[in-house]
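The lines below spell out each chain.
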Amino acid sequence: FTWKKSHNISHHQYTNSNLDEDASYYPFFRLVAYDKHHVHFKYQYIYIPLINYPITLFVKYPDKTMFIMIIIQYLFMKYNNKGGIINILIEMTTFGLLYVFINHVTHLNEKVEAHKKPIGCWYNNQLRSTSNWSYNNMFITHLLGGINYQIEHHLFQSVHHYHYPALRKIVKEICKKTKIKYNEFKNYTDAFISHYKLLKHLSIFKPLL
């Protein structure tokens, strides 16, 4: 229920706007230019990857769903003699890191746009707020279920990721004809560096908009 509300509805419908719960960790840190700047954001590019990203699930979903899930998993582990709360913390921290480092680079980098309110039509807004990476690496595409084709993932949510490479060519051609920027990085390293540069840029007062 929590995932459907915060990701499927909030994020996929209102990407990189103030209605997108996945784009805002405010006031913990500043990921979009329309969030108000505070002094404690000055060194966010240092402490975010080291401290905040590992505990992102606890920050994003501090509701009863999360606590019920933890209790159930704890009881299951204790019943099967597989450890307790430490195992859960390690598991959730690992998942939190993987989730953030794979997904954040697609929506929070120097190429994409973030606006307080969605602009233009839904398709236009998705293209301007989303980016791809490692689009020629079929191993990564298979391993991550096409998440590296984030543009196509957003535009064609009910289409199997097997078709993303073919759809990318069509979408890029349409973007070229309509003069809409198509955001992509050749590899993950380039995408992450751009994401990190954005964190550093937003740590100062100067807005991107």
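In the block above lies the structure referred to throughout.
If you're wondering where the values come from, they're calculated on a predicted model, not measured in any experiment. (Residues numbered from 1 in each chain as written. Predicted model: local features only at pLDDT ≥ 70, side-chain atom pairs only at ≥ 80, totals over all residues. Heavy atoms only, no water.)

Moving on, we get to helix H9 (residues 164-178). Under the 1.5 Å per step criterion, the end-to-end length of H9 is 20 Å for 15 residues, consistent within 8% with the ideal 21 Å. Of the positions making up H9, those classed as buried are Tyr-164, Pro-165, Leu-167, Arg-168, Val-171 and Cys-175. The buried side chains of H9 occupy one side of the element, clustering within an arc of 145° when seen end-on. Exposed and facing more than 90 degrees away from the buried side of H9 are Lys-169, Lys-176 and Lys-177. Where the residues of H9 are buried, they touch helix H6 (122-128), strand E1 (132-133), helix H7 (138-143), helix H8 (150-155) and strand E2 (184-185). Directly beyond the C-terminal end of H9, a positive phi value near 60° is found at Lys-179. (Helix = DSSP H or I, 4+ residues; strand = E, 2+ residues; numbered from the N terminus. Expected span 1.5 Å × (residues − 1). Buried < 20%, exposed > 50% of the residue type's maximum accessible area, 1.4 Å probe, protein only. Arc of directions from axis to C-beta. Contact = heavy atoms within 4.5 Å.)

Our focus in this paragraph is the nonpolar core. Judged by nonpolar contacts, the single largest core of 17 residues is most densely connected at Phe-29, Leu-31 and Ile-48. Counting residues per element, the ones that place at least two in this core are helix H2 (44-52), helix H5 (85-107) and helix H10 (188-202). (Core = buried A, V, L, I, M, F, W, Y, C linked by side-chain atoms within 4.5 Å.)

Okay, a nonpolar patch on the surface next. Together, Tyr-43, Ile-46 and Leu-50 make up an exposed nonpolar region whose accessible area comes to about 340 Å². Counting through the fold element by element, Leu-50 comes out in helix H2. Accessibility expressed as a relative area gives 67% for Leu-50, which makes it exposed. (Patch = residues over 30% accessible without salt bridge, like charges linked within 9 Å, V, L, I, M, F, W, Y side chains within 5 Å. Areas by Shrake-Rupley, 256 points an atom, 1.4 Å probe, with all protein chains shown as cover. Salt bridge = Lys/Arg side-chain N within 4 Å of Asp/Glu carboxyl O.)

Next up on the list: the side chain of His-12. Within the element layout of this structure, His-12 appears in helix H1 (residues 2-13). Within the structure, the side chain of His-12 is placed 3.4 Å from the side chain of His-153, a separation counted as a polar contact. Once residues lying within four places of it in the same chain are set aside, the contact partners of His-12 are His-7, Trp-122, Gln-126, His-153, His-154 and Gln-157. (Polar contact = N/O pair within 3.5 Å; in protein donor to acceptor, adjacent residues only side chain to side chain.)

Scanning the model with the defined rule gives three salt bridges in all. The network of salt bridges with common partners includes Arg-168, Lys-172 and Glu-184.

Just geometry here; none of it tells us what the structure is for.
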